[in-house]
Amino acid sequence: MAEKARELNTMQIIGYFTYSFNIQHKSNGENICIGNFHILNAGGRSLSNPYICIKISNTAPFTFSGKYVYKDSKQKLKLSNAWERINGPEDREEFWLKPVEIQSLEPSETLVFSNFQLKWEAGSSYTGGIMGYIYGDEIQGGINAFNQINFSGKVSEGESDDK
């Protein structure tokens, strides 16, 4: 009985990426990755004030975009499942985001930052990575996502859009 009570009070938050790529492998061809960052509360306790950090490697050649607004944006109320960026736009490597309408992630619930995009044009070679972290009142030190998005490629000489 005590073990069952302990299970109900455990915090078990799981974060993971799902994604797909469209890669040209041509010099200066546009490449894209569309992804989602999922947060699953698989434990028996709520996670209060959840927020995430999506960190892009500093050598990555791509630009990040997603469905988020800034604190003073009037668009916040118009977007369903909106996320707010809580760090400034000058930071191009870390995207700190919190859901606008959700203050608690209850047991068995999932929260998703959906359809973010990474775009880049390939030079001769490229490499990049994305990491995810989950935070909240009960996990102030953060939890790493189970997976990362890592990719690299090399465009062979002679492969260009000029063919």
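This section reports on the structure supplied with the text. Along each chain, the written sequence defines residue order, and numbers are assigned to residues from 1. For this predicted model, a pLDDT threshold of at least 70 governs which residues receive local features, and a threshold of 80 or more governs which side-chain atom pairs are given and counted, while totals over whole chains, interfaces and linings are taken from all residues. Side-chain metrics in this entry use all non-hydrogen atoms of the structure; hydrogen atoms and water are not considered.

**Observations concerning the overall build of the protein**
(1) Moving on: Numbering of helices and strands starts at the N terminus; helices are DSSP runs of H or I of at least 4 residues and strands are runs of E of at least 2. Looking only at helices and strands, the protein has one helix and 13 strands in total.
(2) Moving on: Taken from the N to the C terminus, the helices and strands of the protein come in the order α-β-β-β-β-β-β-β-β-β-β-β-β-β.
(3) Moving on: With a 1.4 Å probe rolled over the protein chains alone, any residue whose accessible area is under 20% of its type maximum counts as buried; one over 50% counts as exposed, and the rest are partly exposed. The buried share of the protein, taken over its 163 residues, is 35%.
(4) Moving on: Note on contacts: a residue pair is in contact if any heavy atoms of the two residues lie within 4.5 Å. A separation threshold of at least 6 residues defines the contact pool for the protein, and within that pool the share at least 24 residues apart is 72%.
(5) Moving on: Note on areas: these come from Shrake-Rupley sampling with a 1.4 Å probe, and a residue is covered only by the protein chains present in the view. With the model as given, the accessible surface of the protein reaches about 9600 Å², and the carbon-plus-sulfur share is 45%.

**Let's talk about the nonpolar core**
(1) Moving on: Here, nonpolar core refers to any group of buried Ala, Val, Leu, Ile, Met, Phe, Trp, Tyr and Cys residues whose side-chain atoms link them within 4.5 Å. Among the nonpolar cores identified, the biggest contains 31 residues, and Phe-37, Ile-39, Ile-54, Phe-64, Phe-113 and Phe-116 are the most heavily contacted of them.
(2) Moving on: Counting only elements with at least two residues in this core, the list comes to β1 (13-22), β2 (30-41), β4 (51-56), β8 (94-99), β10 (110-121), β11 (125-136) and β13 (149-154).
(3) Moving on: Ranked by residues supplied to this core, first place goes to β10 with five residues.
(4) Moving on: Setting aside residues no more than four positions away along its own chain, Phe-64 makes contact with Ile-54, Ile-56, Phe-95, Phe-113, Phe-116, Gln-117 and Leu-118.

**Here we look at the side chain of His-38**
(1) Moving on: Residue position: His-38 is located in strand β2.
(2) Moving on: Any N or O atom pair separated by 3.5 Å or less is treated as a polar contact, with the protein-specific requirement of one donor-capable and one acceptor-capable atom, and with residues adjacent in sequence counted only for side-chain atom pairs. Within the local environment of His-38, its side chain forms a polar contact with the side chain of Thr-18, the two groups lying 2.9 Å apart.
(3) Moving on: Non-local contacts of His-38, meaning those with residues more than four positions away in its chain, are made with Ile-14, Gly-15, Tyr-16, Thr-18, Leu-111 and Val-112.

**As for the pairing of β2**
(1) Moving on: Summarising burial for β2: nine of the 12 residues are buried, a large majority.
(2) Moving on: For β2 and β10, the ladder comprises 10 bridges, and the chain directions are antiparallel. Counted as the bridge partner of Asn-31 is Trp-120 from β10. Strands were regarded as paired on the criterion that DSSP finds at least two bridges between them.

**Digging into the environment of Gly-129**
(1) Moving on: Tracing the backbone shows Gly-129 in strand β11.
(2) Moving on: Taking the relative accessible area as the measure of exposure, Gly-129 reaches 8% and is therefore buried.
(3) Moving on: Setting aside chain neighbours within four positions, we find Gly-129 in contact with Lys-55, Ile-56, Ser-57, Phe-62, Ile-149 and Asn-150.

**Focus: the pairing of β13**
Successive side chains on a regular strand alternate, one facing one side of the sheet and the next facing the other.
(1) Moving on: Going residue by residue along β13, you find Ile-149, Phe-151 and Gly-153 tucked away on one face and Asn-150, Ser-152 and Lys-154 left uncovered on the opposite face.
(2) Moving on: Looking at chain direction, β11 and β13 are connected through six bridges and run antiparallel. Within β13, the position partnered with Tyr-126 by the bridge is Gly-153.

**Digging into the side chain of Arg-85**
(1) Moving on: Following the sequence through the fold, Arg-85 ends up in strand β7 (residues 83-85).
(2) Moving on: His is not counted, nor are the chain ends; Lys and Arg add positive charge and Asp and Glu add negative charge. Counted as salt bridges are all cases of a side-chain nitrogen of Lys or Arg within 4 Å of a carboxyl oxygen of Asp or Glu. For the buried Arg-85, which has no salt bridge, the nearest side chain bearing the opposite charge is Asp-91, at an N-O separation of 5.0 Å.
(3) Moving on: Beyond its immediate sequence surroundings of up to four residues, Arg-85 is in contact with Tyr-68, Val-69, Tyr-70, Lys-71, Asp-91, Glu-94, Phe-95, Trp-96 and Leu-97.

**Here's the deal with the pattern of salt bridges**
(1) Moving on: Counted according to the given criterion, the structure contains one salt bridge.
(2) Moving on: Residues Glu-94 and Lys-55 are paired through a salt bridge, measuring 3.8 Å at the closest nitrogen-oxygen approach. Pair noted here: Glu-94 is in strand β8 and Lys-55 is in strand β4, with a separation of 39 residues, a long-range link.

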